[in-house]
Structure formats: C-alpha cells, structure tokens
Amino acid sequence: MSNTPMAASPLTRAVLEIDEYVSGLGWDQPARLFALVDTARLRSQEPALAAQLGLEDGSESAGLTPIEQDEIPTGKPLDEFLGTIAWPDAVAGCALSVERLMLPPSAEAQVPQNLGEAKLAKWVAEHPERQEVRMTVAVLRDGGRESALRLREKDSPTEVLTGPDLVPGLAQALAATFED
C-alpha cells in the first residue's frame, strides 16, 4: 500500500492496494477476483492466516484485507461466472480486476451498427483511438462501491483514477454476488 493515501476510506485503500498488486504483475493479465475481509475480524478469528498475510502487528484495525481467489475460468463469460458466486458471511465485500479496451466517447458515433460481439470486439481492437485500461472494482455487502482505473499509456500510481461510479455495470454485477 505504498502509494495509498491514508486519509482514504478502507474500501478505497483496498481498491488501490489491489491495483498496485496487479500492476506489479504487468499487463495482459487474466481477470482476478478478491474477497475483502475485515482486517480486525481476520486477526481475531484467523490469527494463523493473519500472520501468513503479514497482518499480525495490528497497525491497521479499520481496514479491509483483499484475499485473491482461485483463477477465473477463461472459457466462461465473466458475467456468467459472476452469476455462480456465493460468498460466506465472513466476506465483507469483493473486488475484481480486469483489463479491457475502451474507446473515447467521441468514437461512439463511429461504431458500425448490427455487429455481433466478436466483430465488435475486433472493430474496437483495431480502432486507432482505443485505450487499454485496467479496472479494479470493489463492492461491500452494505452497498459501498469503489473503482480504480489505470490506462496502459499512463501506467503510473499517480495516474490512477478512483471513484465509486466509474464502472457501474461491473459494480452491479459484483453486488449481485451478495444477493440471496
């Protein structure tokens, strides 16, 4: 969490911690899913796991600890995979980091009509104004949301954009993993 502002909320700090971790792995990575657990609760209920994660010192008591989950299957669309997830009560929230190609709003008028998903993806990938972006989105059971966006062309911790509503569709899909 070296580049994470201490004044940020625990959820913002968790999102930035995940962004920093994933950015250290480089680009062209698969999507990564994280459980978010209350750090103080983890320390008291699972001291061995807390020690393994380097959390035994107790310096942060109001935080969230991201715990990376098993690899997301590549053969299944992400929205379908998210529809299969159910979290135990000990999980306070979850986060997903995923890379995508995006176009600026000015390119929306140029999108050809009636393209299938594969042809649209190819069109976007070949568009001269495309941007590679890594999105890290987190949600809490109580409805809290936070996102971090990092452009590949501005791959620096000081160039990460944060906000609760940057990727609303993905936030909604993650929130649905907590619904009964």
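Below you will find a few notes about this structure. (Residues numbered from 1 in each chain as written. Predicted model: local features only at pLDDT ≥ 70, side-chain atom pairs only at ≥ 80, totals over all residues. Heavy atoms only, no water.)

## Considerations on unusual backbone geometry
The following threshold applies: Each helix corresponds to a stretch of at least 4 residues labelled H or I by DSSP, and each strand to a stretch of at least 2 residues labelled E; elements are numbered beginning at the N terminus. Only protein chains enter the accessibility calculation, which uses a 1.4 Å probe; a residue whose area is less than 20% of its type maximum is buried, one above 50% is exposed, and one in between is partly exposed.
Phi at aspartate 28 is positive, roughly 65°, even though this residue is not glycine. As for its placement among the helices and strands, aspartate 28 is situated in the loop between helix H1 (10-23) and strand S1 (32-38). Judged by relative accessible area, which is 57%, aspartate 28 ranks as exposed.

## Looking at H1
Using the following cut-off: Here the expected span of a helix is defined as 1.5 Å times the quantity of residues minus one.
End to end, H1 covers 20 Å across 14 residues, agreeing with the expected 20 Å (1.5 Å per residue, within 8%). Counting buried positions over the 14 residues of H1 gives ten, a clear majority of the element.

## What to know about the pattern of salt bridges
Condition: The salt bridge definition used is simple: a Lys or Arg side-chain nitrogen within 4 Å of an Asp or Glu carboxyl oxygen.
Under the defined criterion, the tally for this structure stands at seven salt bridges. In this structure, the salt-bridge partner of arginine 32 is glutamate 68, at a minimum N-O distance of 2.8 Å. Within this pair, whereas arginine 32 is found in strand S1, its partner glutamate 68 is found in strand S2 (residues 64-68), the two being separated by 36 residues in sequence. You can call arginine 32 buried: its relative accessible area is 16%. Here aspartate 155 and arginine 150 are joined by a salt bridge, their closest N and O atoms 2.8 Å apart. Judged by its relative accessible area of 37%, aspartate 155 is partly exposed. What you see here is one network of salt bridges that share partners, running through Asp19, Arg150 and Asp155.

By themselves these figures say nothing about function.
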